[in-house]
Amino acid sequence: MKCLLVSLLAVVTTIAVAEPVQVAVSANFSSPLKQLVQRYRQQYPRTDIQITVGSTGKLAAQIRQGAPYDIFLAADDRRPQELASEGLLEADTVRTYAIGRLVLWSPDAGAVLDGSSLVTGMVTPVAMANARSAPYGEAAEAVLERFPLPDSVSLVQAENVAQSYHFAHSGAAEAAFVGLSQVQDQGGRQWRIPEAFYPPIRQQGGVLRDGPAVHHFYDFLFSGEAQAMIRSLGYRTDEAADDVE
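These numbers come from a predicted model, not from an experiment. (Residues numbered from 1 in each chain as written. Predicted model: local features only at pLDDT ≥ 70, side-chain atom pairs only at ≥ 80, totals over all residues. Heavy atoms only, no water.)

### Regarding the packing of aromatic side chains
Then, in step 1: A complete count under the given rule lists 11 aromatic pairs for this structure.
Then, in step 2: Ring centres of Tyr40 and Phe220 lie 5.1 Å apart, and the angle between their planes is 55 degrees; this geometry places the pair in the tilted category. Separated by 180 residues along the polypeptide, Tyr40 in helix 2 (residues 30–43) and Phe220 in helix 9 (residues 212–220) bring together distant segments of the chain. Per residue, the accessibility class of Tyr40 equals that of Phe220, and both read buried.
Then, in step 3: Feature note: the residues Tyr40, Tyr44, Phe217 and Phe220 constitute an aromatic cluster, connected by ring pairs. (Phe/Tyr/Trp six-rings, centres within 6.5 Å; stacked < 30°, edge-to-face > 60°. Helix = DSSP H or I, 4+ residues; strand = E, 2+ residues; numbered from the N terminus. Buried < 20%, exposed > 50% of the residue type's maximum accessible area, 1.4 Å probe, protein only.)

### Topic: the sheet that holds strand 3 (residues 71–73)
Then, in step 1: What the 5 strands build is an open sheet, ordered 2-1-3-10-4; its pairing is mixed. Here the strands that pair on one side only, and so sit at the sheet edges, are strand 2 (49–54) and strand 4 (95–100). The average angle at which neighbouring strand axes cross in this sheet is 20 degrees, direction not considered. (Pairing = 2+ DSSP bridges. Axes fitted to C-alpha atoms, helices over the stretch in contact; angles between N-to-C directions.)

### Considerations on helix 10 (residues 224–232)
Then, in step 1: Among the residues of helix 10, those classed as buried are Ala226, Gln227, Met229 and Ile230. All buried residues of helix 10 project into a common sector of 155 degrees when viewed along the axis, lining one side.
Then, in step 2: For helix 10, the elements touching its buried residues are helix 2, strand 4 and helix 9.
Then, in step 3: Among the residues trailing helix 10, Gly234 stands out with phi positive, at a value near 105 degrees. (Arc of directions from axis to C-beta. Contact = heavy atoms within 4.5 Å.)

### Here we look at unusual backbone geometry
Then, in step 1: Backbone torsion omega between Thr124 and Pro125 reads -5 degrees, so that peptide bond is classified as cis.
Then, in step 2: Mapped onto the fold, Pro125 is located in the loop between helix 5 (115–119) and strand 6 (126–129).

### Focus on the pattern of salt bridges
Then, in step 1: One pass over the full model with this rule turns up 11 salt bridges.
Then, in step 2: Between Arg78 and Glu82 there is a salt bridge whose closest N-O contact spans 3.2 Å. Residue Arg78 and its partner Glu82 are located together in helix 4 (residues 78–85), separated by 4 residues, close to a single helical turn.
Then, in step 3: On the basis of relative accessible area, Glu82 is assigned to the partly exposed category, the value being 27%.
Then, in step 4: Where Glu195 meets Arg236, a salt bridge forms, and the shortest distance between an N and an O atom there is 3.1 Å. Taken together, the positions of Glu195 in the loop between strand 9 (189–192) and strand 10 (201–207) and Arg236 in the segment after helix 10 put the pair 41 residues apart, joining distant regions of the chain.
Then, in step 5: When its relative accessible area of 33% is taken as the criterion, Glu195 is described as partly exposed.
Then, in step 6: Relative accessible area serves as the criterion here: at 36%, Arg236 is assigned to the partly exposed category. (Salt bridge = Lys/Arg side-chain N within 4 Å of Asp/Glu carboxyl O.)

What is shown is where atoms sit, not what they do.
This is the structure we're talking about:
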């Protein structure tokens with residue numbers, strides 16, 4: 001028992017004095033991550049978690065160029081698996097931390113939004129994230145293949161889903177494809193697009209640099225407490241979660 005207590009104390013001490021944990025996170029999950037960090041710091045107040053936000057594709061490119069991140073939280077499952085196959089991410093740490101849900105959102109009151117709103121040109125301009133670098137943009141592109149926009153509708157391309165939201169929020173676009181987590185508590189109009197209309201937005205993460213503080217925070221994201229928070233913030237989860245010890 002004494003040895004166990006000494007071992008646990010050593011882990012806690014290591015976490016408390018460790019270097020900052022650098023987390024690269026996709027734009028859609030930046031706000032939820034900040035809330036999760038606040039919850040984590042209630043238990044480990046001396047831990048320093050630093051966050052870099054960007055599109056999944058750009059963050060993956062930065063990692064390949066040697067960016068000093070410790071944890072990568074992508075908005076898809078392709079980039080983490082590619083990075084793992086390249087030896088840049090610990091393969092046994094790749095896990096789905098959340099499943100995203102796509103929404104067409106307008107901050108203004110008006111007619112109900114749905115697929116017919118797109119094909120009849122009822123909303124314009126429409127903003128969406130870049131499908132080449134942002135999985136939410138790829139999902140929006142799939143929706144537009146099912147509900148094609150007429151020539152009268154202007155399509156505004158954003159760098160990531162956070163910027164797509166900003167375009168609608170600022171009035172630069174009448175509606176935008178965003179994540180449910182960004183707008184579930186906001187007014188206006190929204191169409192919660194059926195998940196059958198786009199490829200699953202399976203958001204996976206992984207560890208880039210080994211270390212007790214890095215692994216402890218990453219494991220926290222899959223604890224029952226954290227996974228419940230993630231679900232409450234507009235995502236689905238599908239993995240069993242174990243409490244962090």
